[in-house]
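# A closer look at the structure
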Amino acid sequence: MNNPVSDPINDSQNAHNEFIRIGRMRYKLKNQLLVLLPKIYESGIYKKYASLICEYAAKFGDLSKYAVETRLRLEPNLIGKPHLRAAIATVGVKKVAMVAKLATPETEEIFAA
């Protein structure tokens, strides 16, 4: 049986493409964690596993302290703005934070698009 010789350039390209695909999935999963974070904080369930919400998020979600603080500071600006709240899962907390104070409940759908 002949073993075909693998092409190192093609193997490298495949590894690169797989790395990018997994990186994009990680980004989406991080955003989904940030959507759930306020519920975890409000319920206080994190206290069962860590003394601070930042410790909990780092331990179980690999989230930075900065991401956690940004997300929790954003929460009061999202009251009555379900479209912006949902946009966190797709575009991330930083982009939503830029427009959250400007948006009103009447205009938030435009900003979330």
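In the block above lies the structure referred to throughout.
Residues numbered from 1 in each chain as written. Predicted model: local features only at pLDDT ≥ 70, side-chain atom pairs only at ≥ 80, totals over all residues. Heavy atoms only, no water.

## Brief notes about the pattern of salt bridges
According to the stated counting rule, one finds five salt bridges in the structure shown. For Arg 21, the salt bridge is made with Glu 18, and the minimal N-O distance between the two is 2.7 Å. A residue pair is termed a helical-turn pair when its members lie 3 or 4 positions apart in one helix, as Arg 21 and Glu 18 do in helix H1 (residues 8-43) at three residues. On the basis of relative accessible area, Arg 21 is assigned to the partly exposed category, the value being 41%. (Salt bridge = Lys/Arg side-chain N within 4 Å of Asp/Glu carboxyl O. Helix = DSSP H or I, 4+ residues; strand = E, 2+ residues; numbered from the N terminus. Buried < 20%, exposed > 50% of the residue type's maximum accessible area, 1.4 Å probe, protein only.)

## Quick notes on the side chain of Lys 81
In this fold, Lys 81 is placed in the loop between helix H3 (65-74) and helix H4 (82-91). From its side chain, Lys 81 meets the backbone oxygen of Ala 103 in a polar contact 2.8 Å long. Not counting the four nearest positions on each side in its chain, Lys 81 is found in contact with Ala 100, Ala 103, Thr 104, Pro 105 and Glu 108. (Polar contact = N/O pair within 3.5 Å; in protein donor to acceptor, adjacent residues only side chain to side chain. Contact = heavy atoms within 4.5 Å.)

## A few points about the packing of helix H2 (residues 53-61) against H3
For the pair H2 and H3, the least separation of the axes is 9 Å and the interaxial angle reads 125 degrees. Between H2 and H3, the interaxial angle falls into the category oblique. Judged by the twist between their axes, the crossing of H2 over H3 is right-handed. Each of Ile 53, Cys 54 and Ala 57 in H2 lies in contact with H3, whose residues at this interface are Lys 65, Val 68, Glu 69 and Leu 72. Here the residues of the contact of H2 with H3 are counted per class, giving five nonpolar, no polar and two charged. (Axes fitted to C-alpha atoms, helices over the stretch in contact; angles between N-to-C directions. Parallel < 35°, antiparallel > 145°, perpendicular 65-115°, else oblique. Left-handed = near helix turned anticlockwise from the far one by under 90°. Nonpolar A, V, L, I, M, F, W, Y, C, P; charged D, E, K, R; others polar.)

## Structural notes on the packing of aromatic side chains
Any aromatic ring pair is given by two values, namely how distant the centres are and how the planes are angled relative to each other. By the definition in use, this model includes four aromatic pairs. With a centroid separation of 5.8 Å and an interplanar angle of 15 degrees, the aromatic rings of Tyr 41 and Tyr 46 are classed as stacked. With relative accessibility at 39%, the residue Tyr 41 sits in the partly exposed group. On the numbers, 5.7 Å between centres and 80 degrees between planes, the contact of Tyr 49 with Phe 60 is edge-to-face. Separated by 11 residues along the polypeptide, Tyr 49 in the loop between H1 and H2 and Phe 60 in helix H2 bring together distant segments of the chain. Using a relative accessible area of 42% as the deciding quantity, one classes Tyr 49 as partly exposed. Feature note: the residues Tyr 49, Tyr 56 and Phe 60 constitute an aromatic cluster, connected by ring pairs. (Phe/Tyr/Trp six-rings, centres within 6.5 Å; stacked < 30°, edge-to-face > 60°.)

By themselves, these figures tell us nothing about what the structure is for.
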